[in-house]
Amino acid sequence: MSEEVKFTPQAKQEQFLKSTADITIFGGAAGGGKTWSLLYEPLYHIGNPNFGAIVFRRTYPQITLEGGLWDESEAIYPYAGATGTKGALRWTFPSGSTVQFRSMENEQSRYDYDGAQIPLIEFDQLESFTEKQFFYLLSRSRSTCGVRPYVRASCNPQPGWLAKLISWWWDDETGYAIPERSGKVRWFVRIGDGLRWFNSKAEAKKKHPESEPKSLTFILSKLDDNQVLMRKDPGYLANLMALPMVDRERLLGGNWKIAVAGNIFKREWWKFVDQPPPGIFNWCRYWDLAATAPAPGKDPDFTAGVKVGELAGNIYIADCVHFQGSPLTNEQTIKATAALDGPAVMVRMEQEGGASGKSLSGDEGHYARNVLVGYDFSGVPSSKKKLLRWAPLSAAAEHGRVFIVKGKWNQDFVDELEGCKGEDEKNDQADAAAGALEALRVPTGAWSGQDIQVATTGYQRPVGEAIDIYDSMVDATEGEL
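Residues numbered from 1 in each chain as written. Predicted model: local features only at pLDDT ≥ 70, side-chain atom pairs only at ≥ 80, totals over all residues. Heavy atoms only, no water.

Caption draft 1: The arrangement of the overall build of the chain in detail. Per the secondary structure count, the chain includes 17 helices and 19 strands. In the chain, the proportion of contacts linking residues at least 24 apart, taken out of those at least 6 apart, comes to 72%. When the accessible area of the chain is evaluated, it comes to approximately 22300 Å², of which 50% is carbon and sulfur surface. (Helix = DSSP H or I, 4+ residues; strand = E, 2+ residues; numbered from the N terminus. Contact = heavy atoms within 4.5 Å. Areas by Shrake-Rupley, 256 points an atom, 1.4 Å probe, with all protein chains shown as cover.)

Caption draft 2: Fine view of the nonpolar core. Counting residues in hydrophobic clusters, the biggest one holds 34 residues, and the most contacted among them are Phe265, Trp270, Val306, Ile317, Val402, Phe413 and Leu417. Taken together, the elements giving at least two residues each to this core come down to helix 10 (245-251), strand 13 (282-288), strand 14 (303-311), strand 15 (314-323), helix 14 (386-398), strand 18 (402-405), helix 15 (410-418) and helix 16 (428-440). The element contributing the most residues to this core is helix 16, with seven residues. With residues near it in sequence (within four places) discarded, Phe413 still touches Val306, Ile317, Cys320, Ile404, Gln429 and Ala433. Ile54, Leu137, Ala153 and Ala163 belong to the second-largest nonpolar core, a separate cluster that totals 32 residues. (Core = buried A, V, L, I, M, F, W, Y, C linked by side-chain atoms within 4.5 Å. Buried < 20%, exposed > 50% of the residue type's maximum accessible area, 1.4 Å probe, protein only.)

Caption draft 3: Here's a closer look at the environment of Asp301. Position of Asp301 relative to the elements: it lies in the loop between strand 13 and strand 14. When its relative accessible area of 39% is taken as the criterion, Asp301 is described as partly exposed. With 23 residues separating them along the chain, Asp301 and Gln324 place their C-alpha atoms 6.8 Å apart.

Caption draft 4: Representation of the packing of helix 15 against helix 16 within the structure. The N-to-C vectors of helix 15 and helix 16 enclose an angle of 95 degrees; their axes lie 8 Å apart at closest approach. Taken together, the axes of helix 15 and helix 16 are roughly perpendicular relative to one another. Each of Asp412, Phe413, Glu416 and Leu417 in helix 15 lies in contact with helix 16, whose residues at this interface are Asp428, Gln429, Ala430 and Ala433. (Axes fitted to C-alpha atoms, helices over the stretch in contact; angles between N-to-C directions. Parallel < 35°, antiparallel > 145°, perpendicular 65-115°, else oblique.)

Caption draft 5: Just the packing of aromatic side chains, in detail. A complete count under the given rule lists 24 aromatic pairs for this structure. Ring centres 4.7 Å apart and planes at 25 degrees place the aromatic pair Trp36 and Tyr40 in the stacked group. You can see Trp36 and its partner Tyr40 sitting in helix 2 (residues 34-40), four residues apart, about one turn around the helix. Assigned by exposure class, Trp36 and Tyr40 land together as buried. (Phe/Tyr/Trp six-rings, centres within 6.5 Å; stacked < 30°, edge-to-face > 60°.)

Caption draft 6: Looking closely at the pattern of salt bridges. Considering all chains together, one arrives at 14 salt bridges under this definition. One salt bridge connects Asp415 with Arg267, and the closest N-O pair in it is separated by 2.7 Å. In this pair, Asp415 is assigned in helix 15 and Arg267 in the loop between helix 10 and strand 12 (271-273), connecting sequence segments 148 residues apart. Through salt bridges with shared partners, a single ionic network connects Arg285, Lys307, Asp319 and Asp341. (Salt bridge = Lys/Arg side-chain N within 4 Å of Asp/Glu carboxyl O.)

Caption draft 7: Quick look at the sheet that holds strand 9 (residues 186-191). The strand order 4-5-6-3-7-8-2-11-9-10 describes an open sheet built from 10 strands, whose pairing is mixed. Here the strands that pair on one side only, and so sit at the sheet edges, are strand 4 (83-85) and strand 10 (194-198). Across this sheet, the average inter-strand angle for adjacent strands is 20 degrees, counted without regard to direction. Bridge count for strand 2 (residues 23-27) against strand 8 (residues 150-155) is five bridges, and the pairing is parallel. Within the sheet, the bridge partner assigned to Phe26 lies in strand 8 and is Ser154. The sheet contacts of helix 5 (residues 131-138) involve strand 2, strand 3 (52-57), strand 7 (120-123), strand 8, strand 9 and strand 10, and relative to strand 7 the element is tilted by about 170 degrees. (Pairing = 2+ DSSP bridges.)

Caption draft 8: The arrangement of the sheet that holds strand 12 in detail. Sheet architecture is open: seven strands sit in the order 12-18-15-14-13-16-17, paired in mixed fashion. Only two strands of the sheet have a single partner each, and these edge strands are strand 12 and strand 17 (377-381). On average, each strand axis in the sheet is inclined to that of its neighbour by 30 degrees, with strand direction left out of account. Taken together, the nine bridges between strand 14 and strand 15 define a ladder with antiparallel strand orientation. Among the inter-strand pairings, Gly309 is bridged to a residue of strand 15, identified as Tyr316.

Caption draft 9: Just the packing of helix 14 against helix 16, in detail. In contact at an axis separation of 9 Å, helix 14 and helix 16 are set at 60 degrees when each is read in the N-to-C sense. Between helix 14 and helix 16, the angle falls in the class oblique. By crossing handedness, the relation of helix 14 to helix 16 is classed as left-handed. Counted together, Lys386, Arg389, Trp390, Pro392 and Leu393 of helix 14 and Ala430, Asp431, Ala433, Ala434 and Leu437 of helix 16 form the full contact between these two elements. Among the residues forming the contact of helix 14 with helix 16, the class breakdown is seven nonpolar, no polar and three charged. (Left-handed = near helix turned anticlockwise from the far one by under 90°. Nonpolar A, V, L, I, M, F, W, Y, C, P; charged D, E, K, R; others polar.)

Caption draft 10: Structural detail: unusual backbone geometry. Its identity as a non-glycine residue notwithstanding, Leu89 has a phi of 50 degrees, on the positive side. Looking at where Leu89 falls in the secondary structure, it is placed in the loop between strand 4 and strand 5 (90-92). A residue is classified by how much of its surface remains accessible, and Leu89, at 5% relative accessible area, is buried. The phi dihedral of Ala312 falls on the positive side, at around 55 degrees, and the residue is not glycine. Note that Ala312 resides in the loop between strand 14 and strand 15.

Caption draft 11: Molecular detail of the pairing of strand 14. The element strand 14 is largely enclosed, with a buried count of eight among its nine residues. Sheet topology note: the strand 13/strand 14 ladder contains seven bridges and is antiparallel. Opposite Asp288, over in strand 14, you have Ala304 as the bridge partner. The antiparallel pairing of strand 14 with strand 15 creates a hairpin that spans two residues between the two strands, and Ala312 there sits at a positive phi of about 55 degrees.

Caption draft 12: Focus on the confidence of the model for the chain. Across the chain, the average pLDDT comes to 83, with 85% of residues at or above 70. Taking the mean pLDDT of every element in the chain, the minimum, 29, falls on helix 17 (residues 449-455) and the maximum, 97, on strand 5. pLDDT under 50 marks residues 443-481. Its contacts with residues more than four places away, or in other chains, come to 99 contacts. (pLDDT = per-residue confidence, 0-100.)

Caption draft 13: How the structure looks around the environment of Gln429. Position of Gln429 relative to the elements: it lies in helix 16. Sequence spacing of Gln429 and Ala304 is 125 residues, and the spatial spacing of their C-alpha atoms is 5.5 Å. Residues contacting Gln429, with those up to four places away along its chain left out, are Ala304, Val306, Cys320, His322, Asp412, Phe413, Glu416 and Leu417.

Below, the structure written as structure tokens:
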């Protein structure tokens, strides 16, 4: 006897699934059930043997990683009789209809779909794609299978082209979505390189009879719309609330406008002390190297070495050495600083990629063999983006757990960190401070069990009613991702 299963979308998921717009963008915060909804959408058409859908994620690992798109599809599609081929990232349903997963990491990858006709195109985390990729794929939104071609996408807030595209749906002053506009459909036509918006298709056709308007809507969904996830993982809210402010505002608050600069490290977060407390035995001096001396017309990067200690969960930034110099100046300064710090202080250094990085700052490289002999030294390869590297220090500072020892270097350090905003800036001191904290492996979570209990109080919205899309599907799982 076969098991019958019914899938039960929640209220906001149901609104997304019932949208009739050509393009429906769903989300605006973390935890609202976006991915589950994208995977559910193709099930409306799997009885059509000529139907096919492609779900795009920006990179291949995002599809196949633990808990990613493929894993989540395995919890849904087999109940509809589908056969999965993981190597091809494709599900085939009994009628012959298919759902495929594809990545589009490079800008030029959009041309791989020249000539394709895709009835349903879906983007998971649309903000991670480029504007060119999105609009080019719209030209592939074509169908001869009887299903009107359409596009569905999930998203989290992030300044950029997507924020501009859906700017009508969020408040330009606050950055938050306007609830009254969520789900309202607007129409646009492209004139040259710009889009012109209208409140109805008739209005658009009247103004531009030569163009075929497209309809678009944005549906706001936040964590408290996903009661299933709240019940299954009550600590998820606390995890979001413990994020650094910028990430928290975007992923929990749904803020499309919040800027990075000035919000990663706010000046008022720092606490100052005359001396670090006694009893700190866990110290690290981390170096972010540059290797060019200043010269007329040249303003090279700085070398920065930040000394960080930890005691009872608090973080103490005791010193920062910050200068521009030649490779020889680097060696002399780093060696002299290590002598002043003493052999009990770990010395870590960012190791650039490739053979040259290993030969300079690797564990068997020049610094280990010739400069810092007798010290606890190691090179640290880093592949993380700056914002990810800074996040633990930012979170700890915001929660009042970072103390700066007073010194002449303080003003320069605080000024630089307050201006941190991204990959292309000179953030040597921020990189060195974050590197030292990472080397110490200090936990930066700020939420106690009592905090979590308080934070999760009041989220009791009832789950939406079931949608019967196939008689062969009966109560077994609910939309949750």
